[in-house]
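# Structure at a glance
Here is what each chain is made of, one letter per residue.
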Amino acid sequence: MISVFGSKVGQEEIDEVRASLERQWMGIGPKVKKFEEEFTRRLGLTDFAMLDSGSNSLYMAVKLLNLPPGTEVILPSFTWISCAHAVVLCGCVPVFCDVDLDTHNVMSETIEPHITPKTGAIMVVHYAGKPVHMEPILGFGLPVIEDAAHAVDSKLNGKSCGAIGSVGIYSFDAVKNLATPDAGGLTAQDPELVARTRTLRYCGIGKSGFEASANKDRWWEYNIIDFFPRFLPNDITASVALAQLRKLDQNQARRRQIWELYQREFSELGWLVCPMNAAPNEQHSYFTYCIRVSNSRRDRFAKYMYNQGIYTTLRYHPLHLNPIYKSNAKLPVCEQLNEEALSLPLHPSLSESDVAQIIETVKAFRF
Ligand SMILES: Cc1ncc(COP(=O)(O)O)c(C=O)c1O
């Protein structure tokens, strides 16, 4: 079975991990610090704190905004669960908005109708790595959380996605563009918020150890600055992240190559709609290749691909349709995507023959 998502690791990751193991140091340490520095440099961030997942980075992002309980946060319904969970877990209320049919991204036009005096923040998701049009959204004057989980290599007008709003988060889970077993991280316009992230991420213990102790005779005493869970990254994960960061260009080039091939091969097929390319002022991350297949053919097409040994999936089943969110929202584009959207395999470990098989199989579909 050809998988829909995947990563590519090799000797570089093994060497980095081995070096940490041989140092007898697996917990948070020099590799985390190094990754934070190299990632900050590569993306041109003010600062960046590594955390243990993108989901927890979202929670941290909402927490950092200090929103009073009951505050509404507007976010797309067409996104991953953790976006809305983070809002709820921080005592706030998720308000789902619609997205654009072509980009699958939120737009100022889909956000604006939901702004009320209770709105405290907006969360945007750069779907598949295609940048959201940020300027009109920033114009609302509300804090904006950027979910750049898909957008580690994306730019808008030369600026890295994640570094445009108030707070930005990244995911480095096992199938993301920069893949590790599980990790994430956070950046912010205000470097104080990144510093706060570093103090919160270890159960809210600001600092510990001799360097930090006020009483040098009792250096084991620490100050707990807040009630906070443990979101600590470690040097084994950071080792993989460092190796992946160094080969990000190479992996991105492969993703782009496959994307362009699909665009060329599929654009003539009348029965599917290809995803939108990056505009001239944008850089895409090609996290997923999400097509649309209309007229009730999507499910049949997915089953056909599966039977031919090619796994596809929908990212994402809209959150407002999930009973846990008790939402009465009517979001026609999200609902249309729920019926028509489908991700085809796109990742750097696809071989030439995998790609050829995918293209051939798609083109052979008859309905
Ligand atoms: C848009 C989006 N946000 C956040 C996350 C959460 O990231 P993680 O899997 O690292 O917790 C994901 C994961 O797939 C995602 O797709």
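Please read these numbers as outputs of a predicted model, since none were measured by experiment.

## Observations regarding the overall build of the chain
Counting secondary structure elements, the chain contains 12 helices and 13 strands. Scaling as 2.2 N^0.38, a compact globule of 367 residues should have a C-alpha radius of gyration of about 21 Å, and the chain matches this with 21 Å. With respect to the three principal axes, the spread of C-alpha positions in the chain is 75 × 55 × 35 Å. Going through the 367 residues of the chain one by one, you find that 46% of them count as buried.

## Comments concerning the pairing of strand β9 (residues 184-188)
In terms of residue burial, β9 counts as a mostly covered element, since five of its five residues are buried. Here β9 shows two buried faces, one formed by Gly 184, Leu 186 and Ala 188 and the other by Gly 185 and Thr 187. Sheet topology note: the strand β1 (residues 49-51)/β9 ladder contains three bridges and is antiparallel. Bridged to Leu 51 within β9 is Gly 184. Bridge count for strand β8 (residues 167-171) against β9 is five bridges, and the pairing is antiparallel. The residue bridging Val 167 from the neighbouring strand is Ala 188, located in β9.

## Notes on the domain arrangement of the chain
Parsing the chain into structural domains produces domain 1 (11-247) and domain 2 (249-363). Contact residues are listed per partner, giving 29 residues for domain 1 and 28 residues for domain 2. For the side of domain 1 that touches domain 2, the elements supplying multiple residues, two or more each, are α4 (81-89), β3 (93-97) and β6 (155-156). Its residues assigned to classes, the side of domain 1 that touches domain 2 shows 13 nonpolar, nine polar and seven charged.

## Remarks on the environment of Met 276
Its location among the elements puts Met 276 in the loop between β10 (272-273) and β11 (282-283). For Met 276 and Ile 145, which are 131 residues apart along the polypeptide, the C-alpha to C-alpha distance reads 23 Å. Not counting residues within four places of it along the chain, the set of residues in contact with Met 276 comprises Asp 102, Thr 103 and Lys 130.

## Some thoughts on the sheet that holds β6
An order of β7-β6-β11 is seen for the three strands of this open sheet, with the pairing classed as antiparallel. Each edge of the sheet is formed by a strand with only one pairing partner; in this case those strands are β7 (159-160) and β11. Bridging between β6 and β7 involves two bridges; their strand directions are antiparallel. Of the residues in β7, the one forming a bridge with Lys 155 is Ser 160.

## Remarks on the site of the ligand
Taken together, 15 residues lie around the ligand, and Gly 54, Ser 55, Trp 80, Ala 149 and Ser 171 are the ones closest in. Put simply, the parts of the chain that give the shell around the ligand at least two residues each are α3 (54-64) and α4. The leading source of residues in the shell around the ligand is α3, at three residues. Taken together, the residues of the shell around the ligand sort by class into five nonpolar, eight polar and two charged.

## What to know about the packing of helix α9 (residues 248-266) against helix α12 (residues 352-363)
Running from amino to carboxyl end, α9 crosses α12 at an angle of 25 degrees, the nearest separation of the two axes being 11 Å. As far as their axial angle goes, α12 and α9 are roughly parallel. For the element pair α9 and α12, the recorded crossing hand is right-handed. For the pair α9 and α12, the contacting residues are Ile 258, Leu 261, Glu 265 and Phe 266 in the first and Val 355, Ile 359, Val 362 and Lys 363 in the second. Residues of the contact of α9 with α12, tallied by class, amount to six nonpolar, no polar and two charged.

Here is what the cut-offs are and how they apply
- Residues numbered from 1 in each chain as written.
- Predicted model: local features only at pLDDT ≥ 70, side-chain atom pairs only at ≥ 80, totals over all residues.
- Helix = DSSP H or I, 4+ residues; strand = E, 2+ residues; numbered from the N terminus.
- Rg over C-alpha atoms; globule rule 2.2 N^0.38 Å.
- Buried ≥ 20, exposed ≤ 12 C-beta atoms within 10 Å, placed from the backbone.
- Pairing = 2+ DSSP bridges.
- Domains from an automatic or database assignment.
- Contact = placed C-beta atoms within 7 Å.
- Nonpolar A, V, L, I, M, F, W, Y, C, P; charged D, E, K, R; others polar.
- Near = placed C-beta within 6 Å.
- Axes fitted to C-alpha atoms, helices over the stretch in contact; angles between N-to-C directions.
- Parallel < 35°, antiparallel > 145°, perpendicular 65-115°, else oblique.
- Left-handed = near helix turned anticlockwise from the far one by under 90°.

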